[in-house]
Amino acid sequence: MGADVEAWRLKAHELKRYPHFDPIISAEEAVKYATDKHKVARHSFYPFIRFIQRWTRFAPKGQAGKPKVRELRYAARRDAYIYAYYRWLLSTSYEKALSDAGLQENVLAYRRIPDANGKGGKCNIHYARDAFEKISSLGSCCAIALDISSYFESLDHGLLKSLWCRLVGAKKLPDDHFAVFKAVTQYAVVDKERVYERLGHYGPKRTTKSGKVICGYVTAFDKIPKQLCTGKEFRDKIAGGKSGKSIIERNYKPYGIPQGAPISDLLANLYLLDFDLEISAQAKALGGNYYRYSDDILILLPCAPAQAIKFEAGVRALITKFGSKLEIKEEKSSIVFYSPAGAHQKCELIVGDKSCTQGIEYLGFRFSGHKAYIRNRTVQGLYRKMTRAARREANAIARRYPNKDATALRKLFNREAFIKRFSKVEGFRERRDDYRSWTFWTYASRAEKVFGPMVAPITRQLRKIRSIANHKVDKEIERAVDRR
């Protein structure tokens, strides 16, 4: 273990400073605690705090988009450091397993894969570029895109445990590993708003003209303590104490791990190791390629559409062997046939959503057979973020100036600062390695550079970003005044 302590370190930016149930500790204390297998074996894990992201899926004009909900969870500080350390311990063995199976270039998510130029690791932009270049090199081929439904929530605990044992080379998990396994499978969660309500930071904030009570955070975020409560307050107000009114929810199901735990990404990769090996071998036997980015699967086969349809059905049938809850829904599958057309390729949608009519979609991009584009849903995701940000700021300025009308508020709104959060960044060339300075525009610029001649001028897709931002600001100010 001493060697492990020497090798594993926490950087300053990796320290957890968000509000949670335990106090902030130093990097030295975190490393010392997480690497002590005896303490880990006896450690009592706090519940994850859960918050929910909601949005509406992109839909063609005139149609209603389907609502989408994603639950995200984050661990208490000591818990997170333990998860991070055991992820680090397992990752070396997992990388060796991938190497032994020849899968280093097939399983893409949550791993550092060097770019060919040696200037850092690849990201989704590079993976999409590599896949599209492969389609071009194949000439006549089928691209099969699949999506595993509710992947993290579907992992079978028994299978995951056996794979974990295999990775550490033991028939039975050591006590410390078992404690981590138990914490990440039989996990507990508490809803963020209910926690903050119990502790007095969330509640009724204002009443609309119609008499409806609007709840919100009654304590400013920078005033919320980093340690939300003492151990006694946790037992009394969160766990319920003698009253029994606990707000803690536990996962008693034999499947599912929490998305957001620092170890969950590696476990999600590990879980499909045998599946990856089998499908990759089948694709290679046909002269094709297999890629998996978490729950997104892309298979490229130099074959006719009929054979691709049969292959896709076989993949959907095979994945059910890796847990009764794992499923690739047929309606989530797409098959696009590419064929030579002069110097480029033309594409034809064989099976799947109409969004792939103009080419297969993969990791936020679309390939027409001639050029790569940012997919429409990705751009719509940007506009959803703009709407939410405009709504928050419009509501805030409307409350700050309760006697001013919409015309006056529009003049007070700092539009330039708002637009810069989503569009061009001054001096980006000097700060391009600082991801905190990135906007969607700089992401698009990065994509243009990575894709090279293959890409359509992606920034042209965002040429109306300023007018759209202004429109959203005006619209949300009007709504904020009406709600006031």
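Just so it is clear, the model here is predicted, and its values are computed rather than measured. (Residues numbered from 1 in each chain as written. Predicted model: local features only at pLDDT ≥ 70, side-chain atom pairs only at ≥ 80, totals over all residues. Heavy atoms only, no water.)

Caption draft 1: Geometry of the sheet that holds strand S11 (residues 344-351). On the basis of which strands lie adjacent, the open sheet formed by five strands has the order S8-S9-S3-S10-S11 and antiparallel pairing. The sheet is open, and its two borders are formed by strand S8 (289-293) and S11, each paired with just one other strand. Strand-to-strand twist in this sheet, taken as the mean axis angle between neighbours without regard to direction, amounts to 20 degrees. Strand direction decides the pairing type here: strand S3 (residues 141-147) and strand S10 (residues 334-341), joined by five bridges, are antiparallel. Note on S10: the bridge partner recorded for Ile-144 is Ile-335. Relative to the sheet, helix H11 (residues 273-285) contacts S8 and strand S9 (296-301), its axis offset from that of S8 by approximately 150 degrees. (Pairing = 2+ DSSP bridges. Helix = DSSP H or I, 4+ residues; strand = E, 2+ residues; numbered from the N terminus. Axes fitted to C-alpha atoms, helices over the stretch in contact; angles between N-to-C directions. Contact = heavy atoms within 4.5 Å.)

Caption draft 2: Representation of the pairing of S8 in the model. Relative to S9, S8 runs antiparallel, the two sharing five bridges. Its bridge partner lying in S9, Tyr-291 is registered against Leu-298.

Caption draft 3: Quick peek at helix H6 (residues 157-168). Taking 1.5 Å as the rise per residue, H6 with 12 residues should run 16 Å; its terminal C-alpha atoms sit 16 Å apart, in good agreement. Regarding H6, the residues found buried are His-157, Leu-160, Leu-163, Trp-164, Cys-165 and Leu-167. In the segment just after H6, Gly-169 is the residue with positive phi, at about 70 degrees. (Expected span 1.5 Å × (residues − 1). Buried < 20%, exposed > 50% of the residue type's maximum accessible area, 1.4 Å probe, protein only.)

Caption draft 4: Fine view of the pattern of salt bridges. Inspection of the entire model under this criterion finds 21 salt bridges. Here Lys-122 makes a salt bridge to Asp-130, at a shortest N to O gap of 2.7 Å. According to the relative accessible area criterion, Lys-122 is buried, its value standing at 17%. A residue is classified by how much of its surface remains accessible, and Asp-130, at 21% relative accessible area, is partly exposed. Across the pair Arg-421 and Glu-393 runs a salt bridge, and its minimum N-O distance is 2.1 Å. (Salt bridge = Lys/Arg side-chain N within 4 Å of Asp/Glu carboxyl O.)

Caption draft 5: Highlighting the side chain of Asn-124. Along the chain, Asn-124 turns up in helix H5 (residues 124-138). We classify Asn-124 as buried; its relative accessible area is 19%. A polar contact is formed between the side chain of Asn-124 and the side chain of Tyr-443, at a distance of 2.9 Å. (Polar contact = N/O pair within 3.5 Å; in protein donor to acceptor, adjacent residues only side chain to side chain.)

Caption draft 6: Up close: the packing of helix H4 (residues 77-101) against H6. Running from amino to carboxyl end, H4 crosses H6 at an angle of 80 degrees, the nearest separation of the two axes being 9 Å. The orientation of H4 with respect to H6, classified from their angle, is roughly perpendicular. When H4 is examined against H6, the residues Leu-90, Ser-93 and Tyr-94 are found in contact with a partner set consisting of Trp-164, Leu-167 and Val-168. Along the lines of polarity and charge, the residues of the contact of H4 with H6 split into five nonpolar, one polar and no charged. (Parallel < 35°, antiparallel > 145°, perpendicular 65-115°, else oblique. Nonpolar A, V, L, I, M, F, W, Y, C, P; charged D, E, K, R; others polar.)

Caption draft 7: How the structure looks around the nonpolar core. Tyr-83, Tyr-151, Trp-164, Ile-263, Leu-267, Phe-275 and Ile-299 are the most contacted members of the largest nonpolar core, which totals 70 residues. Setting aside chain neighbours within four positions, we find Phe-275 in contact with Tyr-290, Ile-297, Val-315, Leu-318, Ile-319 and Phe-322. In this structure, Ala-128, Leu-298, Ala-394 and Ala-398 belong to the second largest nonpolar core, which totals 55 residues. (Core = buried A, V, L, I, M, F, W, Y, C linked by side-chain atoms within 4.5 Å.)

Caption draft 8: Up close: unusual backbone geometry. At Tyr-110, a residue that is not glycine, the phi angle is positive and equals roughly 65 degrees. Looking at where Tyr-110 falls in the secondary structure, it is placed in the loop between H4 and H5. Taking relative accessible area as the criterion, Tyr-110 reaches 33% and is therefore assigned partly exposed. A positive phi angle, close to 60 degrees, is found at Ser-294, a residue other than glycine. Note on placement: Ser-294 falls in the loop between S8 and S9. For Ser-294, a relative accessible area of 6% gives the class buried.

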